[in-house]
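Below, each chain spelled out in residue letters.
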There are 4 protein chains.
Amino acid sequence: MPASIRVCLVGAGRVAKVHANSLVRHVPLAKLTSLVDTDPEVLNETADQFGIEQRFESLEDALSGAAFEAVVITTPTFVHKTMAVSAAKAGKHIFLEKPMALDLEECDEIIDAVNANGVFIQMGFMRRFDPEFEAAGERIEAGEIGRPMMIKSLTHGPGLPPPWARDLKTSNGNLAEVNSHDWDTTRWLMNSDPERVYVEVANFKGEARGVKTENFYDNSLVNIRFESGGLGSISGICPCDYGYDARVEIVGEKGIMQIGQMQGQAITLGVNRKEGLVTPIFRTWPERFAWAYIREMEHFVESVLTQTPPKVGADEGRWAVAGVLAGTRSFLEERPVYLSEVLGES
Amino acid sequence: MPASIRVCLVGAGRVAKVHANSLVRHVPLAKLTSLVDTDPEVLNETADQFGIEQRFESLEDALSGAAFEAVVITTPTFVHKTMAVSAAKAGKHIFLEKPMALDLEECDEIIDAVNANGVFIQMGFMRRFDPEFEAAGERIEAGEIGRPMMIKSLTHGPGLPPPWARDLKTSNGNLAEVNSHDWDTTRWLMNSDPERVYVEVANFKGEARGVKTENFYDNSLVNIRFESGGLGSISGICPCDYGYDARVEIVGEKGIMQIGQMQGQAITLGVNRKEGLVTPIFRTWPERFAWAYIREMEHFVESVLTQTPPKVGADEGRWAVAGVLAGTRSFLEERPVYLSEVLGES
Amino acid sequence: MPASIRVCLVGAGRVAKVHANSLVRHVPLAKLTSLVDTDPEVLNETADQFGIEQRFESLEDALSGAAFEAVVITTPTFVHKTMAVSAAKAGKHIFLEKPMALDLEECDEIIDAVNANGVFIQMGFMRRFDPEFEAAGERIEAGEIGRPMMIKSLTHGPGLPPPWARDLKTSNGNLAEVNSHDWDTTRWLMNSDPERVYVEVANFKGEARGVKTENFYDNSLVNIRFESGGLGSISGICPCDYGYDARVEIVGEKGIMQIGQMQGQAITLGVNRKEGLVTPIFRTWPERFAWAYIREMEHFVESVLTQTPPKVGADEGRWAVAGVLAGTRSFLEERPVYLSEVLGES
Amino acid sequence: MPASIRVCLVGAGRVAKVHANSLVRHVPLAKLTSLVDTDPEVLNETADQFGIEQRFESLEDALSGAAFEAVVITTPTFVHKTMAVSAAKAGKHIFLEKPMALDLEECDEIIDAVNANGVFIQMGFMRRFDPEFEAAGERIEAGEIGRPMMIKSLTHGPGLPPPWARDLKTSNGNLAEVNSHDWDTTRWLMNSDPERVYVEVANFKGEARGVKTENFYDNSLVNIRFESGGLGSISGICPCDYGYDARVEIVGEKGIMQIGQMQGQAITLGVNRKEGLVTPIFRTWPERFAWAYIREMEHFVESVLTQTPPKVGADEGRWAVAGVLAGTRSFLEERPVYLSEVLGES
């Protein structure tokens, strides 16, 4: 196997910096050699911060102007398909941030391009690489809680998403941008595909923050029936303001398992008898999932180096998109929607 | 005000013993003087255990054969209406276990009888008297979490309910028998009435335990939209086997509050390095809500003695029944059901 | 056995109110008929609050002027001996608040009077009746952690003790007033008598609060070697300001057990992302040990009614006093002190 | 500044592997080029595992046969002085595992060699680099708990130490091998030097495990009085079997702070109603202090590259040794020992 791979990072924003940090500081088998961003200022700031020399304003320029084996795509969702297909056609292995794409047609275009060009694709479902989620998944699979009956997964994020990420047209809104991980986690841990979903949404904070996007919602509550007969709930709140919160509770025939907690650092302070005890909360997703981000990138690099398919790929990405589409239709049409209604269209 | 009141306990089963214990040991202003049960064996066992002298096999016998000011009704749901109306007509104040009745017509008959006879009725929503729920309710009302956006309330009970309590015809099933408290709690803490509900149910353990009741379910997941625009979830699992579990999580515009926990006694044991740390779980509802049961009975007795209406009465009971009816229709008809559909019938 | 016993409460201050509350509201087999306090104002306020009719300014007056079977003594330590001996000589059963007395001579006078008059004495070591401490004790005795090797017990109290309780001459200071429970708990759970002790003390807050008492200390740290070879630590801080804190950690050959926690109500609030999560702390000892206070009084009343010796009596009280005396000598003489040095004098 | 530094790792055992992992995978500015161990088998196994090419059976061979800027010394304590002095004389910067040395004379020899040769020395007190301990230290320094009054620090390790590490002659026993971190942590967080110490020890498990070393102890309890007047406790248990346990509790004039917890992964399992809830415990020190080991090595490498003295050096190492020596004398002579007695000798 080669000693290392060269990576081109596509998109230079917030999550790109998280991946750059992993690649530069914690994954010695990868060399982060190229960076792409359409905004020269963002491009140079991130490239300077991580010492990346080759800088491009488009993926096309990078593909023609630099040599690398893999891309890490962190652009907004609405260009995921274009980026991924271009990279696949150029023979590059692909790490693709969630959500996979805007709809199932786009997912299928990506899948076709990946298959046609013999490259790997790993979806950025980092929770699968979080030591706690991973251990929990293994323990559930080993039967510790028995056959899963009911799962609840939540993601509450602190800040208002950017405009493109709260518009159904460019992102599918919070069900996709905030809760993609939950769609994947619930299907993974229940070991069953969703059969139908029902969704309620609410908009509490939009007006006060000047959000005028049509159909904007900041609260969503998903009810899932799985093929197995099991039940599921996904809760999304963004902006929640109080911290970054990602937890799962799953009940099987034998018992219950809780994964994750709100408490961040194990420091407890008691200085106000009336108020009580204070512990830190996780403030951001990079803090909560520090090891998950490192470990998913290690996995991707090792997959490429050893020519082994990554353990979370296009199929997982496509199912999460299908859930989002069914869920969106549910709250728009105010009725339960079967996944088959959505999957049948593609 | 009189020095104390005499109480007749109607029904001598499990929850009756909990109330008898409260009355005899912890509410000195009450005298538990009479006990009613149709089963002479159960009647005598409970009466002996708590030293109750006057024993009757029907409420009618008790009403004619003994003197008391109040009844505590703990019979199965399907006779709640008959018992409560009889007691009201006899001028007795009423403490009525949840759920209030089988349908809204029964609720209204009780309400009419109570109003016509000038007696008080308190519903057995003991969570309102739990020190933690009560303090949380006051803090939410004081604005600590801001305007409530989303609530999740769960009740998971350890053992299989008795046959009458799992048959929709005699009890409305787990949505009523297990989750009546959650219907009340969510409405109370959200400070808003439910507008529509959607429910998924599942039956995982019935077959293995020989349950053949039509429409039996042991898992249920309720999705609520409140008049305020807020969202809610109620989860019910019974039998869950792992313990007795009753918790609430509520998010407002300012932040999150969690009420209750699974951990019972604050004893942590670490003797198995591979397994980890072990703490007790609440095993039963009398253990989890020990003070709530005492305090709700204190409140009832004080209400009667001071001639002040109890703070949780027929209106709260009726709303919980309405939620159950809408929820049951939802899973039977596989669609969201508006509360107005149910309330309009009564 | 008689239907109930009559109780005379001696001392009408803070802990007296806790016991009065237990007797009046939660121990129906006791009748709190008499109250004694030298201060008429305190006497009447407490008697009014709990509806006690017979009121006396001295125990002598009560003994001659009222009929009762038992006394509950809650006076300052320096009159414990006088009160207990008088009560014993009058044939009254005795519940005696900790610490038992100022020195071992006084303990022995009490023991002689109790034995000579055939009455029972129960020491107010309520932690033995706390459901968590009691369950932990049973589990340790059952071998769950193996042979005990090391115990740490702490009591940190919120407020400045009254003058008599911080003066070595009238109370033996915090080692007695705050930590008597820890002396008893460590001996009980280690199942071994202390062999020698070493104590360091500190005075951090006295000056700022105007305390000029000689040898005053507000922090103490006790190191114990038990006869079994096991080790122990007792920590006392009073005033600690941040809450009421009483916890034990014990390690045996098999593992560790923690008893108690700082968290009070199970309510978690997250509204400040920077600060984190907030839970209530126990604010006072009556809140932390609510059931312990009720259950120790139940035990005392049942012991008298059934003529069974209470399970925590003069021997436990005397050992705690011995520990306090050895500990005090240790920090005054700046050396480890053997219990035999103290016990040999008596 | 140079692009990176070359490091020679001296000693190839358990903690060496932890540092090798940090250097190879997480500190890209370091190149781990050489490894030294007297045991060829251990040498080659560790070198193979981490891809280290230059291998030597003595530091002298490495110094003459390879080029590097820094050493990381992980040998047994009794050769620390020899290794550190040799490295210093050769102009190498030094990362030295705790404890610094066997006695203060050895410490001073190291300090003299370091000073004479203008190299840096960083002590392996990784807790200072643990994100939780570090944040807590900053918060205490910022005054969150007020002036520190009392600290308790514990280290309980799971397994029996190797023979040299339990013999006072070659290691000073558990007070040094297990509790060196606690000596440093208590002095750091109390912001004061220890003035006198008193120590009790016990030997519970030695016999059953065939340990015949003179003066062997597996339990120790240290009582400290600091120059500030504050008090401290250090507890050491090894082997404790139940997990790896390192926690601090510190009380200041304003309140209490707890640092660290026993719980490892945030996974809670409830499948046994009788037993309760189970969460993982930290099993090993590399698991508990994963980030601390990475961050201390980052700090060392950055210190060398930027020519800035490390923030934890010889002075901290020497104070910890002084505490160990005073503590050992205390339990041997069964009396409190002033640090001045030990420091005056050097």
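Look up a bit, the structure's there.
Residues numbered from 1 in each chain as written. Chains lettered and ligands numbered in written order. Predicted model: local features only at pLDDT ≥ 70, side-chain atom pairs only at ≥ 80, totals over all residues. Heavy atoms only, no water.

Caption draft 1: Structural view of the overall build of chain A. The number of helices and strands found in chain A is 13 helices and 15 strands. In terms of C-alpha radius of gyration, chain A reaches 20 Å, essentially the compact-globule figure of 20 Å for 346 residues. Taking the principal axes of the C-alpha coordinates as reference, chain A spans close to 55 × 55 × 50 Å. Scored against the burial criterion, the 346 residues of chain A give a buried share of 65%. Long-range contacts, defined here as pairs at least 24 residues apart, represent 71% of the contacts in chain A between residues at least 6 apart. As displayed, chain A offers around 11800 Å² of accessible surface, 48% of which is attributable to carbon and sulfur atoms. The distance from the centre of the 34 positive side-chain charges to the centre of the 49 negative ones in chain A is 5 Å. (Helix = DSSP H or I, 4+ residues; strand = E, 2+ residues; numbered from the N terminus. Rg over C-alpha atoms; globule rule 2.2 N^0.38 Å. Buried < 20%, exposed > 50% of the residue type's maximum accessible area, 1.4 Å probe, protein only. Contact = heavy atoms within 4.5 Å. Areas by Shrake-Rupley, 256 points an atom, 1.4 Å probe, with all protein chains shown as cover. Lys, Arg positive; Asp, Glu negative; His and termini not counted. Charge placed at Lys NZ, Arg CZ, Asp CG, Glu CD.)

Caption draft 2: Molecular detail of the relation of the copies chain D and chain C. Between chain D and chain C, which share one sequence, the superposing operator has a rotation angle of 180° and an axial displacement of 0.0 Å; the RMSD is 0.0 Å. Considering both components of the superposition, the chain copies are consistent with a two-fold axis. When C-alpha positions in chain D are compared against the rotation axis, the closest is assigned to Arg 335 of chain D, at 3.1 Å. Residue by residue, 100% of the interface of chain D is reproduced at the interface of chain C, so both copies engage with the same surface. (Least-squares fit on C-alpha atoms with pLDDT ≥ 70 in both.)

Caption draft 3: Focus on the state of the cysteines. Inspection of the entire model under this criterion finds 0 disulfides over all chains. Sulfur of Cys 238 of chain A: no disulfide; nearest cysteine sulfur belongs to Cys 240 of chain A and is 7.0 Å away. (Disulfide = S-S within 2.5 Å.)

Caption draft 4: Focus on the interface of chain A and chain B. Each side of the interface is counted separately: chain A has 45 residues, and chain B has 45 residues. Between chain A and chain B the total buried area reaches about 3600 Å² when both faces are included, carbon and sulfur atoms providing 62% of it. The largest per-residue losses of area from chain A upon contact with chain B belong to Glu 200, Phe 204 and Leu 221 of chain A, which jointly make up 19% of the total buried on that side. The interface formed by chain A and chain B holds 8 salt bridges in total. In this structure, Arg 196 of chain B engages Glu 200 of chain A in a salt bridge whose closest nitrogen and oxygen atoms are separated by 2.9 Å. For the interface between chain A and chain B, the tally reads 12 residue pairs in polar contact (both at pLDDT 80 or more). Only β7 (148–156), β8 (194–202), β9 (219–226), β10 (231–237), β11 (245–252) and β12 (256–259) of chain A provide two or more residues apiece to the side of chain A that touches chain B. (Buried area = accessible area lost by both parts, 1.4 Å probe. Salt bridge = Lys/Arg side-chain N within 4 Å of Asp/Glu carboxyl O. Polar contact = N/O pair within 3.5 Å; in protein donor to acceptor, adjacent residues only side chain to side chain.)

Caption draft 5: Fine view of the interface of chain D and chain C. Residue-level contacts link 45 residues of chain D with 45 residues of chain C. Of the roughly 3600 Å² buried between chain D and chain C, counting both surfaces, carbon and sulfur atoms make up 61%. Contact with chain C buries surface across chain D, with Glu 200, Phe 204 and Leu 221 of chain D losing the most and accounting together for 19% of the total. Between chain D and chain C we count 8 salt bridges in total. Close ionic contact of Glu 334 of chain D with Arg 196 of chain C constitutes a salt bridge, the shortest N to O distance being 2.4 Å. Its residues assigned to classes, the side of chain D that touches chain C comprises 18 nonpolar, 13 polar and 14 charged. (Nonpolar A, V, L, I, M, F, W, Y, C, P; charged D, E, K, R; others polar.)

Caption draft 6: Just the side chain of Glu 298 of chain B, in detail. Among the structural elements, Glu 298 of chain B can be located in helix α11 (residues 290–306). The exposure class assigned to Glu 298 of chain B is buried, which follows from its relative accessible area of 14%. Here Arg 25 of chain C takes part through its side chain, which lies 2.6 Å from a polar atom of the side chain of Glu 298 of chain B. With sequence-adjacent residues up to four places away left out, Glu 298 of chain B is seen in contact with His 26 and Val 27 of chain B together with Arg 25 of chain C.

Caption draft 7: Structural context of the sheet that holds strand β6 (residues 121–123) of chain A. All names here are of chain A. Strand order in the open sheet made by the 6 strands is β3-β2-β1-β4-β5-β6, with parallel pairing throughout. Both outer strands of the open sheet, β3 (54–56) and β6, are each paired with one neighbouring strand and no more. Between one strand and the next, the sheet's axes are offset by a mean angle of 25°, whatever the strand orientation. Sheet topology note: the strand β2 (residues 30–36)/β3 ladder contains 3 bridges and is parallel. Bridging across to β3, Leu 35 finds its partner in Arg 55. Contacting β1 (5–10), β2, β4 (70–73), β5 (93–96) and β6, helix α11 (residues 290–306) crosses the sheet at an angle of about 165° to β5. (Pairing = 2+ DSSP bridges. Axes fitted to C-alpha atoms, helices over the stretch in contact; angles between N-to-C directions.)

Caption draft 8: Quick peek at the packing of aromatic side chains. Residue and element names in this part refer to chain B. Scanning the model with the defined rule gives 28 aromatic pairs over all chains in all. Taken together, a centroid distance of 5.7 Å and an interplanar angle of 65° make the contact between Phe 95 and Phe 300 edge-to-face. Note that Phe 95 is positioned in strand β5 (residues 93–96) and Phe 300 in helix α11, a separation of 205 residues in sequence. Across the pair, Phe 300 and Phe 95 agree in class, each one buried. (Phe/Tyr/Trp six-rings, centres within 6.5 Å; stacked < 30°, edge-to-face > 60°.)

Caption draft 9: Fine view of the relation of the copies chain A and chain B. Least-squares fitting of chain A to chain B yields an RMSD of 0.0 Å, with the transformation described by 0.0 Å of translation along the axis and a rotation of 180°. When you check the interface residues of chain A against chain B, 100% turn up at the interface there too, and the contact is symmetric in its surfaces.

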